[in-house]
Amino acid sequence: MALYSFENVVAWQKAHTFTVSVYTITRDFPKEELYGLTSQFRRATVSIEANIAEGYKKLSKADKLRFFNISQGSLEECRNYILLSRDLKFINDEGIQLLYQQIEQASWFLNKYCQGIINNNGIQDE
């Protein structure tokens, strides 16, 4: 890892872990969902971490927060997909619990990271 990289951002790390879990769990979704729920769920989760990575290198607070807000929107989209997958019985209880735990962690760290930027709490721009 580079000294100053998005990879050092705990919010990105938690989002990445969540993304890997979603990819693993959605492998078992029905094949007819490959271009439906599976694809949408995966794209939304990738968007969380990708927008954290992209926002990390933005120079202004406003630009950073715009990308992080997009991440937060994608995160909420994924919450919906967890519920839908549960209701369609595509995910077992263990998988649901894992995804909920991971999305809550990613959400918490992303919100704290945003608060730190807003409040200038020593967040590095580089």
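From a predicted model like this one, the values you see are computed outputs, not experimental measurements.

Trainee: Explain the nonpolar core here, please?
Mentor: The nonpolar side chains of a soluble globular protein tend to be buried, and buried together. Of all hydrophobic cores here, the largest spans 29 residues; its most connected members are Phe 18, Phe 41, Ile 52 and Leu 99. Broken down by secondary-structure element, the contributors of at least two residues to this core are helix H1 (10-26), helix H2 (37-56), helix H3 (61-87) and helix H4 (93-119). Tallying contributions element by element places H4 first for this core, with eight residues.

Trainee: Looking at this structure, I do not really get the packing of aromatic side chains. What am I missing?
Mentor: Aromatic ring pairs: the centre-centre distance and the angle between the two ring planes describe each pair. Considering all chains together, one arrives at five aromatic pairs under this definition. Between Phe 68 and Tyr 113, the ring centres sit 5.1 Å apart and the planes meet at 50 degrees, which makes this aromatic pair tilted. With Phe 68 in helix H3 and Tyr 113 in helix H4, the pair connects residues that are 45 residues apart, well separated along the chain. Owing to a relative accessible area of 11%, Tyr 113 belongs among the buried residues under this scheme.

Rules used throughout
- Numbering of residues begins from 1 in every chain and follows the order in which that chain's sequence is written.
- The predicted origin of the model limits local features to residues at a pLDDT of at least 70 and limits the giving and counting of side-chain atom pairs to 80 or more, whereas totals for whole chains, interfaces and linings rest on all residues.
- Excluding hydrogens and water, the side-chain figures rest on all heavy atoms present in the structure.
- Put simply, buried Ala, Val, Leu, Ile, Met, Phe, Trp, Tyr and Cys residues joined by side-chain atoms within 4.5 Å make one nonpolar core.
- Only protein chains enter the accessibility calculation, which uses a 1.4 Å probe; a residue is then buried when its area is under 20% of its type maximum, exposed when over 50%, and partly exposed in between.
- Starting at the N terminus, helices and strands are each numbered in turn, a helix being any DSSP run of H or I of at least four residues and a strand any DSSP run of E of at least two.
- Any two of the Phe, Tyr and Trp rings considered here, Trp counted by its six-membered ring, make a pair once their centres fall within 6.5 Å; the pair's planes then place it as stacked at under 30 degrees, edge-to-face at over 60, or tilted in between.

These values are about where atoms sit, not about what they do.
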